[in-house]
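Fold and geometry: a report
Each chain is listed here by its residues.
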Amino acid sequence: MNNFEFASPTKIVFGKGTEKEVGRHVAEHAGSVLIHYGSDRIKKDGLFDTVTESLKAAGVEYTELGGVKPNPRLGLVREGIELCKKKKIDFILAVGGGSVIDSAKGIAAGVLYDGDLWDVYIGKAAPPTQALPVGVVLTIPAAGSEASRFTVLTTEDGWYKRAFNSEILRPKFAVMNPELTFSLPPYQTASGIADIMAHIMERYFTNVEKVDLTDRLCEAAMRSVIANAPVVMETPDNYDARAEIMWASTLAHNDLLSTGRVGDFGSHQIEHELSGIYDVAHGAGLAVIFPAWMKYVYKQNVSRFVQFAVRVWNVDERFDDPERTALEGIARMEAFLRSISMPVTLEELGIPTADEKLDEIAAKTFEERGSGVGNFVKLLEKDVRKILELAKA
């Protein structure tokens, strides 16, 4: 196990009706807030009114900015930055899922930053040292951004999708009521599940040895998601199953499962190019890329893939043929994704598979990342191209 420092200061406010308390939590930090959200669905279902009534009761003034899209855009973040400066807003409240939260974090970082914020995302400038505080009312369990230090944005100039991370971005609180996820469309629910599984697996596949405790935590989280996924797909208003999925989304990305180990985010970086260029759902893109990555890298540490197969997917271990056991675990992962109607090939995802398109994806993966991608196996551009080939059909 490696040395590590761990802090996860986001206050989690979990359970039924907790969105009614958001005003009190905001008031602990600020007197004026920007409510940031995506579509008008939160107004149609009454959540916006619930949030604003709570803010009013707590004496908090609010301004709203909607319009966040999946794969959130830099343009809207810049609009939010100017709005906050003009209105002298001192807190950002994200009401939505990962895209809304990431956009809110971008605004929060940009308000107090003097340079071009995009330079931070592409690694041209150092991350800011201060940001406005952010709070969350979570409506889509998937990205784990409600308690993470990461933000991801897409620029309309060239359709690049990039991220940066800093402790200043961790939300002050996350209000999490599983009831708010009952009305999610099945595809969005399934994409979220795929995203959660990817976050856990990115921590799980490590070359660091003697990390049994976090191995077991990762395995327990994955098994819980696997067990509850068919329940929420078949009965969307099952509170208990939704609660398990929602809590798993947070634990998958708040760094607890990373302690003492080095994970591998190569799959995420490859997928960012898919969703940046083609605007596909992030979780659906990961459902395609992650199994292909597994097939390409499993020989690096067959025993870890055997452990994954046996402990997570209940594969009967073939002691005379560990490679067969490892491949069966990958096959069961793919079968699980198919069972919740996720694509597992680029063709199913609707991504063009002509050579020049795959070359573009591979090349963009390495812009600003010339030294290689990933840790479990360090990938070069030619490796990413081969992974995309495995993902074709």
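Everything that follows concerns the structure shown earlier in this document.
Source: prediction; values computed, not measured.

Definitions and cut-offs
Residues numbered from 1 in each chain as written. Predicted model: local features only at pLDDT ≥ 70, side-chain atom pairs only at ≥ 80, totals over all residues. Heavy atoms only, no water. Patch = residues over 30% accessible without salt bridge, like charges linked within 9 Å, V, L, I, M, F, W, Y side chains within 5 Å. Areas by Shrake-Rupley, 256 points an atom, 1.4 Å probe, with all protein chains shown as cover. Salt bridge = Lys/Arg side-chain N within 4 Å of Asp/Glu carboxyl O. Helix = DSSP H or I, 4+ residues; strand = E, 2+ residues; numbered from the N terminus. 1 Å grid on protein atoms, 1.4 Å probe; cavity = no way out; pocket = protein on both sides within 12 Å on 5 of 7 lines; lining within 4 Å. Points joined across faces, edges and corners; volume = space filled by probe spheres on them. Nonpolar A, V, L, I, M, F, W, Y, C, P; charged D, E, K, R; others polar. Axes fitted to C-alpha atoms, helices over the stretch in contact; angles between N-to-C directions. Parallel < 35°, antiparallel > 145°, perpendicular 65-115°, else oblique. Left-handed = near helix turned anticlockwise from the far one by under 90°. Contact = heavy atoms within 4.5 Å. Core = buried A, V, L, I, M, F, W, Y, C linked by side-chain atoms within 4.5 Å. Buried < 20%, exposed > 50% of the residue type's maximum accessible area, 1.4 Å probe, protein only. Phe/Tyr/Trp six-rings, centres within 6.5 Å; stacked < 30°, edge-to-face > 60°. Lys NZ or Arg CZ within 6 Å of the ring centre and 35° of its normal. Pairing = 2+ DSSP bridges.

Next up on the list: a nonpolar patch on the surface. On the surface, Met1, Phe4 and Phe6 cluster together into a nonpolar patch covering about 320 Å² of accessible area. Structurally, Met1 is set in the segment before strand 1 (11-14).

Counted under the stated rule, the structure contains two cavities of 30 Å³ or more. What the largest cavity holds in volume is close to 40 Å³. Considering the residues around the largest cavity, the lining is formed by Pro141, Leu184, Gln188, Thr189, Gly192, Ile193, Ile196, Arg242 and Ile245. Of all the secondary-structure elements, those providing two or more residues to the lining of the largest cavity are helix 7 (186-204) and helix 9 (239-251). Here the element with the most residues in the lining of the largest cavity is helix 7; it accounts for five residues. For the lining of the largest cavity, the class distribution of residues is five nonpolar, three polar and one charged. Considered as a void within the structure, the second largest cavity measures approximately 30 Å³ in volume. In terms of lining, the second largest cavity is formed by Ala194, Ala198, Met201, Leu286, Ala287, Phe290, Pro291, Met333 and Leu337. Only helix 7, helix 11 (282-297) and helix 13 (322-339) provide two or more residues apiece to the lining of the second largest cavity. In the lining of the second largest cavity, the residues fall into nine nonpolar, no polar and no charged.

Closest axis-to-axis distance for the helix 10 (residues 266-278)/helix 11 pair is 9 Å, and the angle between their directions is 135°. The angle between the axes of helix 10 and helix 11 places the two elements in the oblique class. Crossing angle aside, the handedness with which helix 10 passes helix 11 is right-handed. Contact residues: helix 10 offers Ser267, His268, Ile270, Glu271, His272, Leu274 and Ser275, while helix 11 offers His282, Gly285, Leu286, Ile289, Phe290 and Trp293.

Glancing now at the nonpolar core. Core analysis: the largest hydrophobic core is formed by 66 residues, its most contacted members being Phe205, Trp293, Phe305 and Phe308. When residues in this core are grouped by element, the largest group, 10 residues, is from helix 11. The residues contacting Phe308, other than those within four sequence positions of it, are Met201, Tyr204, Phe205, Met222, Met294, Trp313, Gly329 and Met333. Core analysis: the next-biggest nonpolar cluster, separate from the first, contains 34 residues, Val77, Ile92, Leu117 and Val134 among them.

A few words now on the packing of aromatic side chains. A full pass over the atoms with the stated rule returns 18 aromatic pairs. With 6.4 Å between their ring centres and 80° between their planes, Phe308 and Trp313 make a pair best called edge-to-face. Neither residue differs from the other here; Phe308 and Trp313 are each classed as buried. Over the ring of Tyr239 we find Lys16; its NZ or CZ atom is 4.7 Å from the centre of that ring. A cation over an aromatic ring shows up here: Arg304 above the ring of Tyr204, its NZ or CZ 5.0 Å from the ring centre.

This brings us to the pairing of strand 5 (residues 134-138). Counting buried positions along strand 5 gives five out of five residues, so the element sits mostly inside the fold. Sheet topology places strand 4 (residues 92-96) next to strand 5; five bridges connect them, and they run parallel. Bridge assignment links Gly96 to a residue of strand 5, and that residue is Leu138. Bridge analysis of strand 5 against strand 8 (residues 173-176) gives four bridges, and the strand direction is parallel. Residue pairing in the sheet places Val137 in a bridge with Val175 of strand 8.

This part is about the packing of helix 4 (residues 74-87) against helix 5 (residues 98-111). When two helices pack together, their arrangement is given by the angle between the helix axes and by the axis-to-axis distance. The contact between helix 4 and helix 5 brings their axes to 8 Å, and the two run at 50°. One finds that helix 4 runs oblique with respect to helix 5. Considering the relative orientation of helix 4 and helix 5, their crossing is right-handed. Counting all contacts with helix 4, which are made through Val77, Gly80, Ile81, Cys84 and Lys85, the residues of helix 5 involved are Ser103, Gly106, Ile107, Gly110 and Val111. Residues of the contact of helix 4 with helix 5, tallied by class, amount to five nonpolar, four polar and one charged.

By secondary structure assignment, the location of Ile387 is in helix 16 (residues 381-390). As for Ile387 and Leu358, which are separated by 29 residues in sequence, their C-alpha atoms are 9.9 Å apart. With residues near it in sequence (within four places) discarded, Ile387 still touches Ile270, Ile289, Ala292, Trp293, Tyr296 and Leu379.

So, about the layout of surface pockets. By volume, the second largest pocket is sized at about 250 Å³. Around the second largest pocket sit 18 residues that line it, and Glu5, Arg149, Asp255, Ser258 and Thr259 are the ones nearest its centre. A class-by-class count of the residues in the lining of the second largest pocket yields six nonpolar, five polar and seven charged.

Strand pairs in the sheet, formed through backbone hydrogen bonds, run parallel or antiparallel to each other. Taken together, the six strands give an open sheet; going across it, the order is 1-8-5-4-2-3, and neighbouring strands pair in parallel fashion. Each end of this open sheet is capped by a strand with a single partner; those strands are strand 1 and strand 3 (61-65). Strand after strand, the sheet turns through a mean of 20° between neighbouring axes, direction not considered. For strand 2 (residues 32-37) and strand 3, the ladder comprises five bridges, and the chain directions are parallel. Each residue of the ladder has a partner; that of His36, found in strand 3, is Leu65. Along the sheet face, helix 3 (residues 47-57) touches strand 2, strand 3, strand 4 and strand 5 and points at about 170° away from the line of strand 2. Its contacts with the sheet place helix 9 against strand 1, strand 5 and strand 8, and it is angled at close to 170° to strand 1.

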